[in-house]
Amino acid sequence: MELTTVWFIVIAFLWTSYFFLEGFDFGVGMLLPVLGRDDVERRVLINTIGPVWDGNEVWFIVAGAATFAAFPEWYATLFSGFYLPLLAILLALIVRGVAFEYRGKKDDPRWRARWDRAIFWGSLLPAFLWGVAFANIVRGVPLDASHEYAGTLGDLLNPYALLGGLTTTILFVLHGAVFLALKTSGDVRVQARRVATVAVAAAVAAGGAFLLITQVQHGKPVTWLTAGGAAAGLLLTAAANRRGREGWAFAGTGAAIVLAVATLFTALFPDVMPSTLGSGGLTTENAASSGYTLKIMTWVAAVFTPIVLVYQGWTYWVFRKRISTSHIPAAPKQTEPVP
Amino acid sequence: MDSVDIARWQFGITTVYHFFFVPLTIGLSALVAGLETAWLRTGKTRYLRATKFWGKLFLINFAMGIVTGIVQEFQFGMNWSDYSRFVGDIFGAPLAIEGLLAFFVESTFLGLWIFGWDRLNAKLHNACIWLVHIGTLLSAYFILAANSWMQHPVGYRVDHETGRAVLTDFWAVLTNSTQLVAFPHTITAAFVTGGLFMAGVSAWHLARRKNIEVFRPSLKLALVVTAIASIGVAITGDVQGKVMTDQQPMKMAAAEALYETEQPASFSLFTVGTLDGDEEIFGIKVPRVLSFLATGTFDGEVKGINDVQAAEEARYGPGDYRPNIPVAYWNFRIMVGVGILTALVSLAGLWLLRRGRLPANPWVYRIGVLSLALPFIGNSAGWIFTEMGRQPWSVFGVLKTSASVSPGVSPASMLISVISLTALYGVLMVIEAGLMLKYAKAGPPSEDEVLPPPPSDSDSDSDERSLAFAY
């Protein structure tokens, strides 16, 4: 296999891991006002992802940096072309990351309420905008002969892309809900399953429409399989959630996310940024780094990615216990300094 | 302002800001890890209390380091797409390796350390924070390798067909002579930063004679680390000066505002130049010192700005190859001055603390607290000097900053970006400083608070027990 193809698969793998993992982080954040009716419940929700959200977010950083290393032209065109949406994602992720760390640092309801809003918007905005971004990548955007984005912000907000954004948002809400049902006990768990029941129907509707359009307009024969698999994942979630099989429900949303992202990347290949202007499009060939760089990066990725997967997996094992309101310690005592 | 200026302002603001948190993370992670190890080795509760106290301040700082780091990873593509296209073959690899080797380790094991007090056995728990520290060092190595390549590009050729730089020797990039001095210089400066932070906060508490059993050992540890690291900063900085004179003569000349070539060259303590920056009006000088700094001998020749300008014009074609001279000149002085002060403060502090002493004079502690600011000033000045001193190049001798910016991004978009990031960073700085102050003043937890709860009778009890730490 060509190294450029290998790296296309690696990039796809990094994004898939990111959406699988941070997908439920975003979902938990978006469900904060819905499932967290008081402060203790909100802390239950946040603490299900407390030890892991940061490690999950690194998949995004590495996906971006690996794109820079393996396909510099793709990196340059994508991030300069999708400038303002990406800026919004970065601002949202900054606020959200700080919010997790700082919300418990003052025993003041207004302080916490502000950070809770930051977590909600900081999760909703990226969840939506990632869908918009990836739909646009698959659909193609106007690129000039030097691969620079030649469209406007409005061009990125086309109906297909907005449907993509809606799909990722609902999918992540669902993924977060089944994750919470799996990771909590007590009332939060019951409520999370109830939310999942509604969300799975919405996900089938939005995701089904989005993948069907993707398939018809950009698909390949093989993407019928991945798109169909994604739909089957959602059906598995629906059935498992009704029977209270939370592990299977989570496996279903996980499979749906993995296969939906696989559908997009398979539909894209061998393009990486198709152009709607006929020329100026980027492919795995004309966007790639030199063979020497790709070879070095292949060795590095082959050795270290499995190690990362092992220790991240171990983290989930360490924190495998369900959390309920009874596990949440009292807010830290406010020790006033003696002057 | 055109888009180059806006993009440069954003890079400067976001990078200096990010680098408030980075060196503190590097230095403090090692100190916290060391304190936890001390607790494991000796079983003395005061070390556990110190670990929890400094650990909390470390985490408040770390959160900001992470989130501001996200911008660093992506603004190359957003604001500097032509740069990214040109250097991607070389520059992207260390960034990706940094993410894969360092960021995953840092974020994952920090999560385990924060939440794992009751889930991991004590040694494994301590190993987690040591791994975080190793992650910070790895991260520093790869990002500095990338930066060193911009200062002194090696291991590449420019492909004439595509007009892009192509990697030819990755090992050369990783062992760039510039990198081999920049890395120890940055790391020792990070230990000075962690050290003086710990010293400053400890001094505040010791002035009030509070929690002496925690803060005296903390202060002692901090000052020993700072003193050793300060000497390291000076030695590596000295070597770096000579490497820089050789590789970027303009930067050394600008650092000195040395307009005409001198042999031997004197070190200027204070220089005022004409407004257009072409010549010097007035200056106070120490003879021969610059020769020594730049070449290692007291009668070496140091090239002046005007000679280097002529030489670079001859080599790279007509153009202005001078950086902003006052910025380079003053930041170089601030950096060196801070370096000397940190060494003096730490050595004086160790002398005052000798053989169990705890000085009574309140000024000792006031100076200790104020010194906390020094490394942050010095780190910023050092980076502003080295980055602005490289101008007009983004990759020295190969690619100009003016040719690096994204051609397709409008100045308006860039303005929205720099304004929103600066505003957000400003707000976060106020919040962060407030929390840091609050938790620094609150002092360490008491002995009862840090000791683990008594072992429970049955497993079901432990299931119901509340988490050792929760957000």
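Rules used in this analysis
- Residues numbered from 1 in each chain as written.
- Chains lettered and ligands numbered in written order.
- Predicted model: local features only at pLDDT ≥ 70, side-chain atom pairs only at ≥ 80, totals over all residues.
- Helix = DSSP H or I, 4+ residues; strand = E, 2+ residues; numbered from the N terminus.
- Rg over C-alpha atoms; globule rule 2.2 N^0.38 Å.
- Buried ≥ 20, exposed ≤ 12 C-beta atoms within 10 Å, placed from the backbone.
- Contact = placed C-beta atoms within 7 Å.
- Nonpolar A, V, L, I, M, F, W, Y, C, P; charged D, E, K, R; others polar.
- Axes fitted to C-alpha atoms, helices over the stretch in contact; angles between N-to-C directions.
- Left-handed = near helix turned anticlockwise from the far one by under 90°.
- Parallel < 35°, antiparallel > 145°, perpendicular 65-115°, else oblique.
- pLDDT = per-residue confidence, 0-100.
- Expected span 1.5 Å × (residues − 1).
- Bend = angle between axes of the 7 residues up to and from the residue.

Novice: Residues and numbers for the overall build of chain A, please.
Specialist: Assigned secondary structure in chain A consists of twelve helices and two strands. Traced from its N-terminal end to its C-terminal end, chain A shows the element sequence α-α-α-α-α-α-α-α-α-α-α-β-β-α. Against the compact-globule benchmark of 20 Å for 339 residues, chain A has a radius of gyration of 21 Å, which places it among compact chains. Taking the principal axes of the C-alpha coordinates as reference, chain A spans close to 65 × 55 × 40 Å. A buried classification covers 59% of the 339 residues belonging to chain A.

Novice: Any details on the interface of chain A and chain B? Residues and values, ideally.
Specialist: If you look at the interface, chain A gives 65 residues, while chain B gives 60 residues. When contributions to the side of chain A that touches chain B are tallied by element, the ones reaching two or more residues are helix 2 (39-49), helix 3 (53-70), helix 4 (72-81), helix 5 (83-102) and helix 12 (291-318) of chain A. When grouped by side-chain class, the residues that make up the side of chain A that touches chain B number 41 nonpolar, 17 polar and seven charged.

Novice: I'd like to hear about the packing of helix 4 of chain A against helix 3 (residues 81-115) of chain B, residue by residue, with values.
Specialist: At a closest axis distance of 8 Å, the pairing of helix 4 of chain A and helix 3 of chain B adopts a crossing angle of 145 degrees. Note on packing geometry: the crossing formed by helix 4 of chain A with helix 3 of chain B is right-handed. Together, Pro72, Glu73, Tyr75, Ala76 and Ser80 of chain A of helix 4 of chain A and Ser81, Ser84, Arg85, Gly88, Asp89 and Gly92 of chain B of helix 3 of chain B make up the contact between the two elements. Of the residues that constitute the contact of helix 4 of chain A with helix 3 of chain B, the class distribution is three nonpolar, five polar and three charged.

Novice: Describe the packing of helix 8 (residues 159-183) of chain A against helix 9 (residues 187-218) of chain A, listing the residues and the values that go with them.
Specialist: All names here are of chain A. Where helix 8 meets helix 9, the closest approach of the two axes is 7 Å, and the angle between their N-to-C directions is 155 degrees. The angle between helix 8 and helix 9 places the two elements in the roughly antiparallel class. At the point where helix 8 passes helix 9, the crossing takes the left-handed sense. For the contact of helix 8 with helix 9, the per-class residue count stands at 23 nonpolar, three polar and two charged.

Novice: Please set out the environment of Pro407 of chain B residue by residue, giving values where relevant.
Specialist: With respect to the element layout, Pro407 of chain B can be found in the loop between strand 6 (399-400) and helix 14 (411-442). Through-space distance from the C-alpha of Pro407 of chain B to that of Arg216 of chain B is 56 Å; in sequence the pair is 191 residues apart. Those residues in contact with Pro407 of chain B that lie beyond four places of it in its chain are Glu148 of chain A together with Asp82 of chain B.

Novice: Explain the environment of Arg390 of chain B to me, using residue names and the numbers behind them.
Specialist: Residue placement: Arg390 of chain B occurs in the loop between helix 13 (373-388) and strand 5 (393-395). Every residue in contact with Arg390 of chain B, bar those within four places of it in the chain, is listed here: Gln151, Gln248, Lys251 and Phe396 of chain B.

Novice: Tell me about unusual backbone geometry, residues and numbers included.
Specialist: Residue Pro270 of chain A follows Phe269 of chain A across a cis peptide bond; omega there is 0 degrees. Topologically, Pro270 of chain A is positioned in the loop between helix 11 (246-268) and strand 1 (271-273). For the bond running from Gln391 of chain B to Pro392 of chain B, omega is 10 degrees, close enough to zero to count as cis. Mapped onto the elements of the fold, Pro392 of chain B is located in the loop between helix 13 and strand 5. Located in the positive-phi region is Arg209 of chain B, a residue other than glycine, with phi close to 55 degrees. Within the secondary structure layout, Arg209 of chain B lies in the loop between helix 6 (177-207) and helix 7 (212-247). Judged by local crowding, Arg209 of chain B falls into the exposed class, with 9 C-beta atoms found within 10 Å. Not every positive phi belongs to a glycine, and Asn211 of chain B is a case in point at roughly 45 degrees. Structurally, Asn211 of chain B is set in the loop between helix 6 and helix 7. Accessibility expressed as a C-beta count within 10 Å gives 19 for Asn211 of chain B, which makes it partly exposed.

Novice: Can you explain the confidence of the model for chain A? Please cite residues and give values.
Specialist: Taken as a whole, chain A shows an average pLDDT of 92; of its residues, 97% reach a score of 70 or greater. Here residues 333-339 of chain A scores under 50 on pLDDT; set against residues more than four positions off or in separate chains, the count is seven contacts.

Novice: Can you tell me about helix 12 of chain A, naming the residues and giving the values?
Specialist: In a regular helix each residue adds 1.5 Å, so 28 residues correspond to 40 Å; helix 12 of chain A covers 40 Å between its end C-alpha atoms and thus fits that length. At Phe304 of chain A, helix 12 of chain A is bent by approximately 25 degrees, the largest bend along its length, and proline Pro306 of chain A sits one to four residues beyond. Here helix 12 of chain A has its buried residues at Thr293, Leu294, Met297, Ala301, Val308 and Gln312 of chain A. Buried-residue contacts for helix 12 of chain A involve helix 1 (3-35) and helix 3 of chain A together with helix 3 and strand 2 (165-167) of chain B.

Novice: Give me the lowdown on the environment of Arg322 of chain B, citing residues and values where you can.
Specialist: Residue and element names in this part refer to chain B. As for its position among the elements, Arg322 is in the loop between helix 10 (305-316) and helix 11 (325-352). A tally of 19 C-beta atoms within 10 Å means that Arg322 is categorised as partly exposed. Remark: the alpha-carbon pair of Arg322 and Phe270, spanning 52 residues in sequence, is separated by 20 Å. If we ignore the near neighbours within four places in the chain, the residues touching Arg322 are Met250, Ala254, Ile305 and Gln309.

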